[in-house]
Each structure stands twice: as C-alpha cells, then as structure tokens.
Amino acid sequence: MNSILHIILIFTAFGGFFLAFYIRHKKQANEKMICPFNSDCDAVVYSDYSKFFGVPVEILGMLYYGIIAVSHALFLAFPNLISQFSIFTTLVLTIVAFLFSLYLTFIQIFTLKQWCVWCLVSAGICTVIFVTVLSVSGFGLIPLLESHHELILIGHFLGVAIGLGGATITDILFFKFLKDFRISEKEANVIHILSQIIWFALAILVLTGIGFYLPEAEELNQSAKFLLKMVVVVVIIINGAFLNLLVAPKLVKISFDKEYGRGGRKLHRIRKIAFALGAISIVSWYSAFILGMLGKISFDFPFLLLIYLFLLIGAIIVSQFMEKFFFWKKTLNFAPL
C-alpha cells in the first residue's frame, strides 16, 4: 500500500512542479495568464504578494514539489532510506507548504479579492500531498513527535525569537517612518517584508506548538500557562489578519496631511486602528515570550487572562495617545498662519 502512496506522491508532486514552472514561464515572458474561468489571474500572479522574502512563490513551489517528488522516488527505490528523521523532515516540509498555500488562498480571498485558478489548483495539490504524506508514514505520529522533542523545542524558541524581533522592529520602524508624518512606498515595502517574517515565525510557533501539544495533551489541558499562551497565539493570528486585510493595503495613505479631505475621516479611523493593532501585536508577542520563559506558575487561568487583557487595554490606550501626539505635532508644525 505504501508503494502506491509513494507513486501517487511522485506524480502529484511532478504535476505541481510543472504547474509552478508554467506560471514562472509566463511571468518571465511577461505574458498574460489564461484563466479557464475568466477570473483575473494576472492580478494575483503579478501582485505584491507573489513574492515571499523577495523570492517568487512559483520558484518556492518548484523547489518544494521537486523535493517531495525526488524524496519519495528515493523512498520507493531504496526503502532502507525511510527512517523517523526522513519521515519527520518531509512531514514538516509538507505541513509548512500546506499552511503557506492556505495563507496565499487567504490573501486571494480577502486582500486581493481576485481568483487565480492555477494558484488554487496548486493549493489543492499541496492539500493532496499533505493528506497523502500523513497516510504514507509508517511511524505513529505521537511517537514521531516524542522522538524529536528537542528539535521541536529549538524550533519553538526560534519561532518566538523571530516573531518577537520582527514585531519589535516593525513597531520601531513604524514610528521612525512617521517622523515626516507619512509612510512612503519604499517604507511600506520594508514593513511588508517584516510582516512576512512575522507570519513565517507564527507558522513555526503554531507547528511546534502542535508538536508539543499532541504528545502531552491531557497534561497541557490542565496548564493555565499553556491555555493562556494558546489564547495569545490566537490573538496574534487574528490581529495579524486584520493588519494584512485592513491596514497593509492602505499603509501609504495613512498620513497626517489631510484630515478633512475626501476620505480623510475614514483614513483617520484606519490610522487609529493601525496604532491599536500594532500595540496588540507587540504586547502579545512579548506575552508569548514571557510565558515561554516562565516555569510552572501557581496562578489560575482566569487570573492570567485578566492580566493579559489588562495589558492589552493599557497598550491600546497608550497607542491612541501616541496617534493623538503625532496629530497634534503635525498640526502645530504645519498649521497655516
């Protein structure tokens, strides 16, 4: 049975590789993408979200599909290569690709509001590979996670460190960029790259968190610290989604130049929301970091949740005073005589 699943994975991965190669060829030739269902594939394929860390996503797709096809071809030809480590590595890679395809689909639906059929097919291929890889593993998932506990622990700390650093630098640069009371296209691109880094860190945090949870679910369900950390991670995800959907597309327009012009009041509200979401992000990432560093704590979950909510409310209030400060500073410096 595993041989059949390996063959399915090989052919499915090759299909994904050639699809990614087709998209890459069209982009290099600067040709219009032909969509079978008359949607605007170009709006997606040539958008700002078509690159991740500056690398075109179709190249990432070609690398991923190529690795999966070659790996399982080797597993099929040389069964002795199959080990807990090789299965764990391909499983992690597959889960990351699956989550990344969900992220790109999310961007199509809510941010770009355009569909690319070829991208959706690629997401479907990632889903098929994800399900099949789970099935092809000859090792139990829980023992697999338990045997790589130290590796998962390192990845978890790495995810928290990258996310915390990314959120801190983003907030610092946000205020630095607003010294001239506006954010330029170049500055918005820098924040966009940092946002991708934070999403990458969040993916690591979620994956490794699942890796911790499954082997010790019964014990962790009784841990107030773990439950609060899960709440914090959910807040980070929802907060990040709002930042990408509501703030990121209008980042360049968030300035203090026109408060009462056309659309000025709406942009003013978005700016206030941007300050609030930034405050929620930084408090939540530092909360996740502190919770990870603490050992066992005697406080119960409602008390810890109350402290976290108090910190969030305080940070939001401070962020609104900061927004007012920038507005007053702009008014005093540039008000007409």
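Thresholds, definitions, all that
- Residues numbered from 1 in each chain as written.
- Predicted model: local features only at pLDDT ≥ 70, side-chain atom pairs only at ≥ 80, totals over all residues.
- Heavy atoms only, no water.
- Helix = DSSP H or I, 4+ residues; strand = E, 2+ residues; numbered from the N terminus.
- Buried < 20%, exposed > 50% of the residue type's maximum accessible area, 1.4 Å probe, protein only.
- Contact = heavy atoms within 4.5 Å.
- Areas by Shrake-Rupley, 256 points an atom, 1.4 Å probe, with all protein chains shown as cover.
- Lys, Arg positive; Asp, Glu negative; His and termini not counted.
- Charge placed at Lys NZ, Arg CZ, Asp CG, Glu CD.
- Polar contact = N/O pair within 3.5 Å; in protein donor to acceptor, adjacent residues only side chain to side chain.
- 1 Å grid on protein atoms, 1.4 Å probe; cavity = no way out; pocket = protein on both sides within 12 Å on 5 of 7 lines; lining within 4 Å.
- Points joined across faces, edges and corners; volume = space filled by probe spheres on them.
- Expected span 1.5 Å × (residues − 1).
- pLDDT = per-residue confidence, 0-100.
- Phe/Tyr/Trp six-rings, centres within 6.5 Å; stacked < 30°, edge-to-face > 60°.
- Salt bridge = Lys/Arg side-chain N within 4 Å of Asp/Glu carboxyl O.

Engineer: Looking at this model, I keep getting lost on the overall build of the chain. Mind explaining?
Structural biologist: Counting its regular elements, the chain contains 12 helices and two strands. Mapped from its N terminus to its C terminus, the chain presents α and β elements in the order α-α-β-β-α-α-α-α-α-α-α-α-α-α. Dimensions along the principal axes, computed over C-alpha positions, put the chain at roughly 80 × 60 × 25 Å. The 337 residues of the chain split such that 42% are buried. Of the contacts made within the chain by residues no fewer than 6 positions apart, 81% connect residues no fewer than 24 positions apart. Of the roughly 18,400 Å² of accessible surface on the chain, a fraction of 72% belongs to carbon and sulfur atoms. Each charge sign in the chain was given a centre, from 25 positive and 18 negative side chains, and these centres are 12 Å apart.

Engineer: Quick question: what am I supposed to make of the environment of Ser 223 here?
Structural biologist: With respect to the helices, strands and loops of the structure, Ser 223 is situated in the loop between α9 (217-220) and α10 (224-247). Within the structure, Ser 223 has its side chain in polar contact with the backbone nitrogen of Phe 226 (distance 3.2 Å).

Engineer: Any chance you could explain the layout of surface pockets here in plain terms?
Structural biologist: A water-sized probe, rolled over the atoms, reveals where empty space remains. Within this model, the second largest pocket holds a volume of roughly 1,200 Å³. Along its surface, the second largest pocket is lined by 50 residues, and Ile 191, His 192, Ser 195, Ala 248 and Leu 251 are the ones closest to its centre. Only α4 (84-112), α7 (149-177), α8 (185-213), α10, α11 (264-293) and α12 (301-334) provide two or more residues apiece to the lining of the second largest pocket.

Engineer: Would you mind showing me how to read the side chain of Gln 108 here?
Structural biologist: When you line up the elements, Gln 108 lands in helix α4. Ignoring anything within four residues of it in the chain, the contact list for Gln 108 reads Val 44, Lys 113, Gln 114, Trp 115, Cys 116, Cys 119 and Leu 120.

Engineer: Before we go on, may I ask you to explain helix α1 (residues 2-28) in this structure?
Structural biologist: An α-helix turns once every 3.6 residues. As a result, residues three or four positions apart point the same way. With 27 residues, α1 extends 38 Å from end C-alpha to end C-alpha; this agrees with the ideal 39 Å at 1.5 Å per step. All buried positions along α1 are accounted for by Leu 5, His 6, Leu 9, Ile 10, Thr 12, Ala 13, Gly 16, Leu 19, Ala 20, Ile 23, Lys 26 and Lys 27. Of the residues trailing α1, Asn 30 is marked for its positive phi of about 55°.

Engineer: What is the right way to look at unusual backbone geometry in this model?
Structural biologist: It is generally the case that most residues other than glycine have a negative phi and that most peptide bonds are trans. Notably, Asn 30 is not glycine yet its phi reads approximately 55°, a positive angle. Assignment of secondary structure puts Asn 30 in the loop between α1 and α2 (41-45). Look at Asn 30 and you get exposed, because its relative accessible area is 62%.

Engineer: Explanation requested: the confidence of the model for the chain in the structure shown.
Structural biologist: When pLDDT is low, close inspection of the predicted coordinates is not appropriate. For the chain, mean pLDDT is 83; residues scoring 70 or higher make up 92% of the total. When mean pLDDT is compared element by element in the chain, helix α3 (residues 57-77) scores highest at 91, while helix α6 (residues 141-147) scores lowest at 73.

Engineer: Looking at this structure, how should I read the packing of aromatic side chains?
Structural biologist: The relative placement of two aromatic rings is captured by the distance of their centres and the angle of their planes. Tallying each qualifying case throughout the model produces 17 aromatic pairs. Their ring planes at 75° and their centres at 5.7 Å tell us that Phe 174 and Phe 175 sit as a pair that is edge-to-face. With a relative accessible area of 12%, Phe 174 lands in the buried category. We classify Phe 175 as partly exposed; its relative accessible area is 28%. With 5.9 Å between their ring centres and 80° between their planes, Phe 325 and Phe 326 make a pair best called edge-to-face. Under the relative-accessibility criterion, Phe 325 is labelled partly exposed at 44%.

Engineer: Teacher, can you tell me more about the pattern of salt bridges here?
Structural biologist: When the charged atoms of two side chains with opposite charge come close together, those side chains can pair. Considering all chains together, one arrives at six salt bridges under this definition. Between Lys 32 and Asp 42 there is a salt bridge, with the nearest N and O atoms lying 3.7 Å from each other. Of this pair, Lys 32 sits in the loop between α1 and α2 while Asp 42 sits in helix α2, placing them 10 residues apart in sequence. The partner of Glu 323 in a salt bridge is Lys 272, and the shortest N-O contact between them spans 3.8 Å. Residue Glu 323 is located in helix α12, and its partner Lys 272 is located in helix α11; the two are separated by 51 residues in the primary sequence. Here the residues in one salt-bridge network are Arg 24, Lys 27 and Glu 58, joined through shared partners.

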